[in-house]
Amino acid sequence: MDLEQPQRPFFEELDFQPTLIGDLALRRRRVAALDDAEVYEVTLGGGFLMSSLFTVVEIALADLALAGREGPLDVVVGGLGLGYTAQAALRYPAVRTLVVVEALEPVIGWHQRGLVPLGAELSAEARCRFVQADFFACAADPARGFDPQAPGSRWHAVLLDIDHSPRNLLAESNAAFYRTEGLRALAAQLHPGGIFAMWSDDPADEAFLAALREVFGSARAETVRFPNPLLECESSSTVYLAERER
């Protein structure tokens, strides 16, 4: 006799942790309107942060930065989240090293404990390491840099997905990064020809583009559109790209 597997509940809170920037929660839900699709969500300070339902832009962040680049490539991802940018970067055989800088220890723990869909895959990947650190503090200090195993290292690409936009920040202390001096400290950690790419939930910000162009010489903003099945419409985000002069 065939026995049906028990169905997961419509909503589960998989983890809840207080942090210095607000309460952090990982949730899993089934969305009846999408054929009971299983969706993972992260909230911070009571506000929505990310969802496994919307990953197009996280993947595009890696693809726009890395497509066509010759290796070996050493790459930094700022912000682990649910891991989709890291996974997309690792699809490129040219990527030799991927250091994922994440400030919130519970987020790293979700991956190491297999609580999120990509956790086991990323934790087992030999090219990938998680570093618990403040990305913005690392970016501001080139002598320290992003990799505690190799202080002062330079990188072929830095991919950033932390704040909602250059103006909509998770912490006000991050604001200095988006100004000229903050971007200059980051650029110093890139190889000549290295690329900085950043996700934003807002339309292109001309003031931020101007700061990027002052530091890097040139920069552009790509609009990435994706279907939003919950709202039955098309949504969009922005990916900024700036390459250090050779």
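Notes on the structure follow. Every value quoted in this text rests on a predicted model; they were computed, and no experiment measured them.

Turning our attention to the overall build of the protein chain. From N to C terminus, the protein chain includes seven helices and 11 strands. For 246 residues, the compact-globule formula gives about 18 Å, and the C-alpha radius of gyration of the protein chain, at 18 Å, lands near that figure. The principal-axis extents of the C-alpha atoms in the protein chain amount to approximately 65 × 40 × 35 Å. Out of the 246 residues in the protein chain, the part that is buried amounts to 50%. Put simply, the protein chain shows about 12000 Å² of open surface, and 49% of that area lies on carbon and sulfur atoms. For the protein chain, the distance from the average site of its 21 positive side-chain charges to the average site of its 35 negative ones is 6 Å.

The strand order across the open sheet formed by four strands is β1-β2-β3-β4, and the pairing between neighbours is antiparallel. Whereas interior strands pair on both sides, the edge strands pair on one side only; in this sheet they are β1 (11–19) and β4 (47–51). The average angle at which neighbouring strand axes cross in this sheet is 20°, direction not considered. For strand β3 (residues 37–44) and β4, the ladder comprises four bridges, and the chain directions are antiparallel. Looking at β4, one finds that E41 is bridged to S51.

The next point concerns the environment of T223. Here T223 lies in strand β10 (residues 219–228). Owing to a relative accessible area of 44%, T223 belongs among the partly exposed residues under this scheme. For T223 and G78, which are 145 residues apart along the polypeptide, the C-alpha to C-alpha distance reads 20 Å. Contacts of T223, omitting those with residues within four sequence positions, involve S236 and S237.

Now for the sheet that holds strand β8 (residues 155–160). Strand order in the open sheet formed by seven strands is β7-β6-β5-β8-β9-β11-β10, with mixed pairing between adjacent strands. Single-partner strands in this sheet number two, and they are β7 (128–132) and β10. Each neighbouring strand pair of the sheet contributes to a mean axis angle of 20°, computed without reference to strand direction. Relative to β8, strand β5 (residues 73–78) is paired through four bridges, and the arrangement is parallel.

For the rest of this paragraph, the subject is helix α7 (residues 206–216). For α7, the full list of buried residues reads F208, L209, A211, L212, V215 and F216. Down the axis of α7, the buried set is contained in an arc of 160°. They therefore lie on one face. In this structure, α7 carries E206 and E214 as exposed residues pointing more than 90 degrees from its buried face. Considering only its buried residues, α7 is in contact with α6 (180–187), β9 (190–200), β10 and β11 (233–243). With its phi angle positive at about 95°, G217 sits one or two positions after the end of α7.

On to the nonpolar core, then. With 45 residues, the main nonpolar core has L66, V75, L98, V100 and L159 as its most contacted residues. If you tally residues by element for this core, the top one is helix α1 (residues 56–66), at seven residues. If you look at the next biggest cluster of nonpolar residues, it comprises 31 residues, including V158, L183, L186 and A187.

So, about the pairing of β5. Burial of β5 is extensive: six of the six residues sit out of reach of the surface. Taking every second residue as pointing to the same face, both faces of β5 are buried, with L73, V75 and V77 on one and D74, V76 and G78 on the other. Both β5 and strand β6 (residues 95–102) contribute to a ladder of six bridges, which runs parallel. Each residue of the ladder has a partner; that of L73, found in β6, is V95. The parallel pair β5 and β6, bridged by helix α2 (residues 84–90), forms a crossover whose chirality is right-handed.

Bringing the packing of aromatic side chains into the picture now. Tallied over the full model, the rule gives 11 aromatic pairs. On the basis of an interplanar angle of 55° and a centroid distance of 6.0 Å, the ring pair of F54 and F226 is categorised as tilted. Taken as a pair, F54 in the loop between β4 and α1 and F226 in strand β10 lie far apart in primary sequence, 172 residues in all. Between the aromatic rings of F208 and Y240, the centroid separation amounts to 4.9 Å while the plane-to-plane angle is 90°, which identifies the pairing as edge-to-face. Highlighted residues: F208 in helix α7 and Y240 in strand β11, separated in sequence by 32 residues. Among the aromatic residues, ring-to-ring pairing joins F135, F136, F146, F177, Y178, F196, F208, F216 and Y240 into one connected group. Sitting over the ring of F10, R30 keeps its end group 3.9 Å from the ring centre.

Rules used in this analysis
Residues numbered from 1 in each chain as written. Predicted model: local features only at pLDDT ≥ 70, side-chain atom pairs only at ≥ 80, totals over all residues. Heavy atoms only, no water. Helix = DSSP H or I, 4+ residues; strand = E, 2+ residues; numbered from the N terminus. Rg over C-alpha atoms; globule rule 2.2 N^0.38 Å. Buried < 20%, exposed > 50% of the residue type's maximum accessible area, 1.4 Å probe, protein only. Areas by Shrake-Rupley, 256 points an atom, 1.4 Å probe, with all protein chains shown as cover. Lys, Arg positive; Asp, Glu negative; His and termini not counted. Charge placed at Lys NZ, Arg CZ, Asp CG, Glu CD. Pairing = 2+ DSSP bridges. Axes fitted to C-alpha atoms, helices over the stretch in contact; angles between N-to-C directions. Contact = heavy atoms within 4.5 Å. Arc of directions from axis to C-beta. Core = buried A, V, L, I, M, F, W, Y, C linked by side-chain atoms within 4.5 Å. Right-handed = clockwise from strand over helix to strand, strands pointing away. Phe/Tyr/Trp six-rings, centres within 6.5 Å; stacked < 30°, edge-to-face > 60°. Lys NZ or Arg CZ within 6 Å of the ring centre and 35° of its normal.

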